[in-house]
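Given next are the chains, with one letter for each unit.
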Amino acid sequence: MATKKAEAPKGKLGVLVVGLGAVSSTFMAGVLAARKGLAKPIGSMTQYDKIRVGEGEDKKYLHYKDIVPLAELDDIVFGAWDVYPANAFESAVNAEVLKAKDILPIKEELEAIKPMKAAFDKNYAKRLDGDNVKECKDRWDMTEQIREDIRNFKKETGVDRVVVLWAASTEVYVPVDEKVHGSLEALEAAMKADDKEHIAPSMCYAYAALSEGAPFIMGAPNTTVDIPAMWELAEKTKMPIAGKDFKTGQTLVKSGFAPIIGTRCLGLSGWFSTNILGNRDGLVLDEPANFRTKEVSKLSTLESILVPEDQPDLYGHGNDEDTQYYHKVRINYYPPRNDNKEGWDNIDIFGWMGYPMQIKINFLCRDSILAAPLCLDLVLLSDLAQRAGRYGIQRFLSFFLKSPMHDYTKNEVPVNHLFQQYVMLKNAIREMGGYEADETID
Ligand SMILES: NC(=O)c1ccc[n+]([C@@H]2O[C@H](COP(=O)([O-])OP(=O)(O)OC[C@H]3O[C@@H](n4cnc5c(N)ncnc54)[C@H](O)[C@@H]3O)[C@@H](O)[C@H]2O)c1
C-alpha cells in the first residue's frame, strides 16, 4: 500500500449521505453550525486531536490539519438519499436530537438538503414505509441510477470530489456467500440477474460510489463492503473503503475498557450488555433479522481483545459451553428515551485464586451526538486517504468502527483494542503528512 504524502485538496468536497435520519441530520447541522461559529465540533478527532510528529529535537504536537491537508468544513457540500422525502431541516426536527435554538439559525441551509430518491427494498428494512423510492428494473439498474445521481450531484454543485457515507438504517443480515460475493465478476452477474437475496441495496450504493471515484464508508453493521468482490472493485478503481458500524457508545466503552482486564491479566466469565433506545434506528433494530446484523457486529469487539485460545485460564471459563466467557448483547426498543440511549454493562470478572468480582457501567449517552463527529472524521479522513493514493480497506479507520474491516480470507484478525487502533490512526496521519510512522510512546 502506498504511503505517499497526501496531495492538497482542490475545490469543494461533496458529502453524499445515504439516509437522512437522526445521525445524518445531526452531523449536517453540526457542520453547518460550526461553520457559522454557532457550535463547536466536540468529539471530532480531526478538529481537536493533537499528535506527535518527529522525534527528539524535532518533536512537535500538532493538530491533524497542521500535519495533513484536510478539507475544511467550509468546503463541504452535502447531499443525501432517503426513503422519506423530508429535507434535512424536517428530519432534524423529527429526530428530536437537537434543540430548536440550535437548528433554527441554519434552517435555510438544512432545508436546501433534499433527499434524492432512495435505492430501497422493503425486504431489507420491513419497518420503513416511505415513498421517496426509485423504481428499479433490477439491482444493476438500481446501481446505474445511483451512479447517475452521483454524477448529477457533481455537475449541479460543482464539487471536485465526493465521499459517500452510509448512515441509513441497518439492513437485514446478509451472510457472505462465496459464490456471489467472492469476486467482482460474480457480484456483477448477480446484480444483472437481479439476485435480491444476496445483493442488498447498500451494495448498489457502494458499487456506484466506488465506480464513480468516490470513497465509500459503511456506518451501519451491514455486510455491504465486507466482501472480496468490493475489495476487488476498490482495488480496481483505487478507492478507499471503510466499515463497518460507527463505534459510538457501548462498544467504544467496551473497546476501551476490555484492555484494562486484558492488560492486568484478570479473568472474565461474562459480559452482559443491554441497551434501551427509542429512535427510528431502535425501531428498525427491534426487527430480529435487522438486530442480527447489529448483534454480529457488537459481539465481535470483545472476542479479539480477550481471546480465550490465547489465555484459557483467564477467558476460557464461562457458561458458553465452557469454552469462553459468556457474552450477550441486547437492544430493546423503548420509545420514551428517543435518541438518548441508555446502555448497561454488567461485567463478571475474577481475580487471584479465581475470586469473583463485578463491574457495572451505566452509560446515559446520546446516540447521534456521539455518531456525528465520527461521520465527520470518517469523511474527511477517507477523502484524505484518497488524495494520498491509499485504496482498498482503510485499516487505520478501525478506531472509529465497531467491526473493523479485515481480510478474513487471509485469516487476518481485526484490531479492536482502542489503543492499538489509535496507534494505527496516528501512524497513518504521520505517513500521509510525510513523516515516519513510529511506535514511540508519547
Ligand atoms: N447513532 C449511533 O450511535 C450509531 C452507531 C452505530 C451505527 N449507527 C447506525 O447508523 C444508522 C443511522 O442511524 P440513525 O439513528 O440516523 O437512524 P434513522 O432511522 O434516524 O435514519 C436512517 C435513515 O435511513 C433511511 N434509509 C433506510 N434505508 C435506506 C436506503 N436504502 N436508502 C436511503 N435511505 C435509507 C431511513 O428512511 C431513515 O431516515 C443506523 O444503521 C444505525 O444502526 C448509529
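Read on for an overview of the structure. (Residues numbered from 1 in each chain as written. Predicted model: local features only at pLDDT ≥ 70, side-chain atom pairs only at ≥ 80, totals over all residues. Heavy atoms only, no water.)

On to the overall build of the protein chain, then. Secondary structure assignment for the protein chain yields 16 helices and 13 strands. Computed over C-alpha atoms, the radius of gyration of the protein chain comes to 21 Å, within 12% of the 22 Å expected from 2.2 N^0.38 for 442 residues, which places it in the range of a compact globule. Expressed as a percentage of the 442 residues in the protein chain, the buried residues total 57%. A separation threshold of at least 6 residues defines the contact pool for the protein chain, and within that pool the share at least 24 residues apart is 75%. Taking the average location of the 54 positive side-chain charges in the protein chain and that of its 65 negative ones, the two points are 4 Å from each other. (Helix = DSSP H or I, 4+ residues; strand = E, 2+ residues; numbered from the N terminus. Rg over C-alpha atoms; globule rule 2.2 N^0.38 Å. Buried < 20%, exposed > 50% of the residue type's maximum accessible area, 1.4 Å probe, protein only. Contact = heavy atoms within 4.5 Å. Lys, Arg positive; Asp, Glu negative; His and termini not counted. Charge placed at Lys NZ, Arg CZ, Asp CG, Glu CD.)

Moving on, we get to the packing of aromatic side chains. By the definition in use, this model includes eight aromatic pairs. When the centroid spacing of 5.3 Å and the interplanar angle of 80° are considered together, the rings of Phe27 and Phe78 count as edge-to-face. One end of the pair, Phe27, is in helix α1 (residues 22-35); the other, Phe78, is in strand β4 (residues 76-82), with 51 residues separating them in the sequence. Accessibility classification places Phe27 together with Phe78 in one group, the buried group. (Phe/Tyr/Trp six-rings, centres within 6.5 Å; stacked < 30°, edge-to-face > 60°.)

On to the pairing of strand β2 (residues 50-53), then. Across four bridges, β2 lies against strand β3 (residues 60-63) in antiparallel orientation. For Val53, the partnering residue across the bridge sits in β3 and is Lys60. (Pairing = 2+ DSSP bridges.)

By the element assignment, Lys254 lies in helix α11 (residues 250-263). Among buried charged residues, Lys254 stands out as having no salt bridge; its nearest opposite-charge side chain is Asp345, 4.4 Å away. Side chain to side chain, Lys254 and His327 meet in a polar contact 2.9 Å long. Not counting residues within four places of it along the chain, the set of residues in contact with Lys254 comprises Pro259, Trp271, Ser273, Leu302, His327, Val329 and Asp345. (Salt bridge = Lys/Arg side-chain N within 4 Å of Asp/Glu carboxyl O. Polar contact = N/O pair within 3.5 Å; in protein donor to acceptor, adjacent residues only side chain to side chain.)

This part is about helix α3 (residues 88-95). Among the residues making up α3, those that are buried are Ala88, Phe89, Ser91, Ala92 and Ala95. Buried positions in α3, seen along its axis, are confined to an arc of 165° and lie on one side of it. Of the residues flanking the start of α3, the one acting as N-cap is Asn87, its side-chain oxygen 2.9 Å from the backbone nitrogen of Phe89. Positive backbone phi, approximately 55°, marks Glu96, located one or two places after α3. (Arc of directions from axis to C-beta.)

All right, on to the site of the ligand then. Around the ligand, 31 residues are found, and the nearest of them are Val23, Asp82, Ala168, Thr248 and Arg280. Here an oxygen atom of the ligand sits 3.0 Å away from a polar atom, N or O, in the side chain of Thr170. Here Asp367 contributes a side-chain N or O atom positioned 3.1 Å from an oxygen atom of the ligand. When isolated, the ligand has an accessible area of 840 Å², and the protein chains bury 98% of it. The set of elements that each furnish at least two residues to the shell around the ligand consists of α1, β4, α12 (280-285) and α15 (367-387). Looking at the shell around the ligand, its residues break down into 17 nonpolar, seven polar and seven charged. (Near = heavy atom within 4 Å. Areas by Shrake-Rupley, 256 points an atom, 1.4 Å probe, with all protein chains shown as cover. Nonpolar A, V, L, I, M, F, W, Y, C, P; charged D, E, K, R; others polar.)

Pairing in this open sheet of seven strands is parallel, and the strands run β5-β4-β1-β6-β7-β8-β13 from one edge to the other. Where the open sheet ends on each side, the last strands, each with one partner, are β5 (116-117) and β13 (392-393). Lying on the sheet, α15 is in contact with β1 (13-18), β4, β6 (161-166), β7 (216-218) and β8 (240-243); it crosses β6 at an angle near 140°. (Axes fitted to C-alpha atoms, helices over the stretch in contact; angles between N-to-C directions.)

Attention now moves to the environment of Lys155. Positionally, Lys155 belongs in helix α6 (residues 139-157). Along the chain, Lys155 and Lys238 lie 83 residues apart, while their C-alpha atoms are 22 Å from each other.

Attention shifts here to the pattern of salt bridges. Per the stated rule, a full pass over the model turns up 24 salt bridges. A salt bridge links Arg139 to Asp121, with the shortest nitrogen-to-oxygen separation between them at 2.8 Å. Of the two residues, Arg139 sits in helix α6 while Asp121 sits in the loop between β5 and α6, which places them 18 residues apart along the sequence. Across the pair Lys410 and Asp407 runs a salt bridge whose closest N-O atoms are separated by 3.4 Å.

Quick look at the sheet that holds strand β9 (residues 267-277) now. Spatially, the four strands line up as an open sheet ordered β10-β9-β11-β12, and their pairing is mixed. Across the chains shown, the open sheet's two edge strands, defined by having one partner strand only, are β10 (326-333) and β12 (356-364). This sheet shows a mean twist of 10° between the axes of neighbouring strands, independent of strand direction. Direction of pairing for β9 relative to strand β11 (residues 342-350): antiparallel, over a ladder of nine bridges. Counted as the bridge partner of Gly267 is Phe350 from β11.

Turning our eyes to something else, we now look at the nonpolar core. By size, the foremost hydrophobic cluster in this structure holds 61 residues, and its most contacted members are Phe27 and Phe400. Elements with a minimum of two residues in this core: β1, α1, β2, β4, α3, β6, α15 and α16 (418-432). By residue number, the principal contributor to this core is α15, which donates 11 residues. What Phe27 contacts, discounting residues up to four positions off in sequence, is Val15, Val17, Phe78, Leu165, Ala372, Cys375, Leu376 and Val379. (Core = buried A, V, L, I, M, F, W, Y, C linked by side-chain atoms within 4.5 Å.)

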